[in-house]
Amino acid sequence: MNRRRNLAISAAAAALSGVLIYCIHELQLRQIELQETVRVVAPVRFIPAGERLTSDSLGLRTISKASFMPGMVTDPDAIIGMETVVPLGRDEPLLEWKLDRFRLLPRRDESTFQIPKDYILSVANGLRAGDKALVYASGVDVESGRLFPEPVTVAAVKTSANLEIDDPQRTGLVSRASGDYEQLYLARRDANGAIDAVNLNLTEEQWLRIDNLCRDGRVKLVIAYVPDSYESEALYAGSAEGAAS
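Please read all numbers here as calculations on a predicted model, not as lab measurements. (Residues numbered from 1 in each chain as written. Predicted model: local features only at pLDDT ≥ 70, side-chain atom pairs only at ≥ 80, totals over all residues. Heavy atoms only, no water.)

Draft legend 1. Up close: the overall build of the protein. Counting its secondary structure elements, the protein contains five helices and eleven strands. Here the protein holds 245 residues, and 31% of them are scored as buried. In the protein, of all internal contacts separated by at least 6 residues, the share reaching a separation of at least 24 is 69%. Of the roughly 15,400 Å² of accessible surface on the protein, a fraction of 54% belongs to carbon and sulfur atoms. (Helix = DSSP H or I, 4+ residues; strand = E, 2+ residues; numbered from the N terminus. Buried < 20%, exposed > 50% of the residue type's maximum accessible area, 1.4 Å probe, protein only. Contact = heavy atoms within 4.5 Å. Areas by Shrake-Rupley, 256 points an atom, 1.4 Å probe, with all protein chains shown as cover.)

As structure tokens, then:
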């Protein structure tokens, strides 16, 4: 009897020891897994381009550290309210370049104004939404010159059919957001139509100055495209590499 009881106790102790060892092993594996993985933000459904991100459209996904890329988003709260530049697939790790925080909207002291055609003498052919532009005044009764010391933001460049002027294959906004300035340059060389209307983000003072100068028709505007610092540096670097080769 005592021998059977001792055998039973030994068997139970061995079983408990096995369970304990298994649990410890699983905990160690879990800890190693956590150390070798990272949680990134991913959409919980397909999100089309131009949609504003909300908390219920985003989730967290665990990937290996080896798969983690610079620019992947890890904090969902940091991107709530941003807009998608390109469509996002379900469970696709979210990259920062695919998002934009309303860059084309006017700032707090600005409004978006469509410049009347009668006010415009010429517009740079390569002008696209999101660009910076310099505005010049030209006329017989005035000395030609720049109207504003700083460039203004181009909110939209439209065709006569109210379509955004852009490269149909790869938009300039996507190229700029992804840092592909070579493609952005090429996008400026191709377009889906002729420029018919230009919208600029202006302060009230800037708009009133334009309106007062141009409404009698004797002064016209010249709207010139200005590359931003990143685009200039990228194109300069590309030219330098070409010259070196």
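Draft legend 2. Here's a closer look at helix α4 (residues 204–214). Residues of α4 that are buried: Gln-206, Trp-207, Ile-210, Asp-211 and Cys-214. Looking down the long axis of α4, one finds its buried residues gathered within 130 degrees of arc, a one-sided arrangement. Exposed side of α4, more than 90 degrees from the buried face: Glu-204 and Glu-205 are the residues found there. (Arc of directions from axis to C-beta.)

Draft legend 3. Representation of the nonpolar core in the model. Core analysis: the biggest nonpolar cluster contains 23 residues, and Ile-115, Leu-200, Leu-202, Ile-210 and Leu-221 have the highest contact counts within it. Where this core is concerned, the elements lending two or more residues are β7 (132–139), β9 (152–158), β10 (197–203), α4 and β11 (219–226). (Core = buried A, V, L, I, M, F, W, Y, C linked by side-chain atoms within 4.5 Å.)

Draft legend 4. Highlighting the pairing of β11. Sheet topology note: the strand β6 (residues 120–123)/β11 ladder contains three bridges and is parallel. When the sheet's bridge partners are listed, Ile-120 is paired in β11 with Leu-221. Across eight bridges, the pairing between β7 and β11 is antiparallel. Bridge pairing links Lys-132 to Val-226 in β11. (Pairing = 2+ DSSP bridges.)

Draft legend 5. Representation of the pattern of salt bridges in the model. Counted by the stated rule, this structure contains four salt bridges. The partner of Glu-92 in a salt bridge is Lys-98, and the shortest N-O contact between them spans 2.2 Å. For Glu-92, a relative accessible area of 23% gives the class partly exposed. Here Lys-98 falls in the buried class, since its relative accessible area comes to 10%. (Salt bridge = Lys/Arg side-chain N within 4 Å of Asp/Glu carboxyl O.)

Draft legend 6. Structural context of the confidence of the model for the protein. Summary statistics for the protein give a mean pLDDT of 79 and a share of 71% for residues scoring 70 or more. Mean pLDDT values over the elements of the protein span from 50, in helix α5 (residues 229–244), up to 95, in α4. (pLDDT = per-residue confidence, 0-100.)

Draft legend 7. Examining unusual backbone geometry more closely. Although it is not a glycine, Asp-91 sits at a positive phi angle of roughly 65 degrees. Mapped onto the elements, Asp-91 comes out in the loop between β3 (83–84) and β4 (99–100). According to the relative accessible area criterion, Asp-91 is partly exposed, its value standing at 40%. Despite not being glycine, Asn-162 shows a phi value in the positive range, around 65 degrees. Note that Asn-162 resides in the loop between β9 and α2 (172–177).

Draft legend 8. Local environment of the environment of Asn-162. What makes Asn-162 exposed here is its relative accessible area of 55%. Measuring from C-alpha to C-alpha, the distance between Asn-162 and Ala-197 comes to 8.4 Å, with 35 residues separating the pair along the chain.

Draft legend 9. Focus on the environment of Leu-58. As for its placement among the helices and strands, Leu-58 is situated in strand β2 (residues 58–64). The spacing of Leu-58 and Ile-47 is eleven residues in sequence and 9.9 Å in space, taken between C-alpha atoms. Excluding residues within four positions of it along the chain, Leu-58 makes contact with Val-41, Ala-42, Pro-43, Val-44, Leu-53, Pro-76, Ile-79, Ile-80 and Leu-94.

Draft legend 10. Structural detail: the environment of Leu-53. Looking at where Leu-53 falls in the secondary structure, it is placed in the loop between β1 (37–43) and β2. Along the primary structure Leu-53 and Ile-79 are separated by 26 residues, whereas in three dimensions their C-alpha atoms are 7.3 Å apart.

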